[in-house]
Amino acid sequence: MSPRGGWWPLGRRGEERPSAEQAAAAEAQTRLLGVLAQELAAAQTEPWDELSYRAFVVADRTQSHVSLRGAWPPPLAQKPTSSTFAEALAELRAATAAPGRGAWFTISMTVRADGEVDASFDVDTEPGFLPPAGPADFARDLERFPRSVEAQPTWLRERLSWARLTPEQRSRAEAGVGALQPYPAIGGSRPLFTVTVMPEDDVVDVLDHATGRRALVDRDGTVRLVAPDPSARPR
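First, a word on what this report is: a plain description of the structure on this page. Small disclaimer: the values here were computed from a predicted structure and weren't measured.

### Details of the packing of helix H3 (residues 135-144) against helix H4 (residues 154-163)
Working step 1: Where H3 contacts H4, the axes come no closer than 8 Å and their chain directions differ by 100°. In terms of orientation, H3 and H4 fall into the roughly perpendicular class. Contacts between H3 and H4 involve Pro 135, Ala 136, Phe 138, Ala 139 and Leu 142 from the first element and Trp 155, Leu 156, Arg 159, Leu 160, Trp 162 and Ala 163 from the second.

### Concerning the sheet that holds strand S7 (residues 203-208)
Working step 1: Taken in spatial order, the four strands line up as S6-S7-S8-S9 in an open sheet, and their pairing is antiparallel. For this open sheet the edge positions go to strand S6 (193-198) and strand S9 (223-226), each flanked by a neighbour on one side alone. Within the sheet, the average angular offset between the axes of one strand and its neighbour, ignoring direction, is 20°.
Working step 2: Where S7 lies against strand S8 (residues 214-217), four bridges are found, and the strand directions are antiparallel. Pairing of Val 204 across the sheet is with Val 217, part of S8.

### Focus: the nonpolar core
Working step 1: Within the largest apolar cluster, 24 residues are counted, with the highest numbers of intra-cluster contacts made by Leu 36, Tyr 53, Ile 107 and Met 109.
Working step 2: The set of elements that each furnish at least two residues to this core consists of helix H1 (20-43), strand S2 (50-58), strand S3 (61-69), helix H2 (83-95), strand S4 (106-112) and strand S5 (116-122).
Working step 3: No other element matches H1, which puts five residues into this core.
Working step 4: Not counting residues up to four positions away in its chain, the partners in contact with Met 109 are Leu 33, Leu 36, Ala 37, Leu 40, Leu 51, Ser 52, Tyr 53, Val 117, Asp 118 and Ala 119.
Working step 5: Judged by nonpolar contacts, the second largest core, of eleven residues, contains Val 177, Val 204, Val 206 and Ala 215.

### Section: the environment of Pro 191
Working step 1: Tracing the sequence through the fold places Pro 191 in the loop between helix H5 (167-180) and S6.
Working step 2: Sequence separation between Pro 191 and Asp 208 is 17 residues, and the spatial gap between their C-alpha atoms is 7.8 Å.
Working step 3: Other than its neighbours up to four places away in sequence, Pro 191 contacts Glu 158, Gln 181 and Ala 185.

### Points about unusual backbone geometry
Working step 1: The omega torsion of the bond from Trp 72 to Pro 73 falls at 0°, within 30 degrees of zero and hence cis.
Working step 2: By secondary structure assignment, the location of Pro 73 is in the loop between S3 and H2.
Working step 3: Residues Leu 130 and Pro 131 are joined by a peptide bond in cis, for which omega reads -5°.
Working step 4: Mapped onto the fold, Pro 131 is located in the loop between S5 and H3.
Working step 5: The phi dihedral of Ala 59 is positive, around 50°, even though this residue is not glycine.

Cut-off values and rules
- Residues numbered from 1 in each chain as written.
- Predicted model: local features only at pLDDT ≥ 70, side-chain atom pairs only at ≥ 80, totals over all residues.
- Heavy atoms only, no water.
- Axes fitted to C-alpha atoms, helices over the stretch in contact; angles between N-to-C directions.
- Helix = DSSP H or I, 4+ residues; strand = E, 2+ residues; numbered from the N terminus.
- Parallel < 35°, antiparallel > 145°, perpendicular 65-115°, else oblique.
- Contact = heavy atoms within 4.5 Å.
- Pairing = 2+ DSSP bridges.
- Core = buried A, V, L, I, M, F, W, Y, C linked by side-chain atoms within 4.5 Å.
- Buried < 20%, exposed > 50% of the residue type's maximum accessible area, 1.4 Å probe, protein only.

Now the structure itself:
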């Protein structure tokens, strides 16, 4: 099998000579993608022309999907269950993690019957777990693969803000969300509500990224809604 994908993420387009660290990451990436492709192919019980694999990974949680092309109706795909596959996936995520930029959350692979392998990694989009991964999952992942605040997308900063709350503060934050959004959102992307706690008076401050409105929740549970500040738009 011949994996492709370059020396992501330590290298960038336009760089002529990868460093020794980048070259080692590229070599590890190629080797591990080959292991994953071989294990995916070996797990199948029906003939196929092309195999697609996608996995969401955060902390110790993985959710994956495999599909095959090659006949009609499409062949029934099988997921690898070997420890070799699980270890290679975890090693690949660690090998391609960049200092200060964290690790990818989604991997997409295409394996063709002729042995060609393509892969891509997504470090910025929220992984599509069902049910969704919780704030604690992302906090544990950040401990393992540090990512600077500047490199954190808005949705990740929002998730991490909830992970820092005590149970009592979380209860108040949920009350603030309820005041800002009294009816469940229908369709579209997941609403974002970033939470900060004012240390001087322990007020829980909930920001609605969609509207810019804020809910301030006092220790006694009182909720005060604050109109958006036109000069400070949520990022």
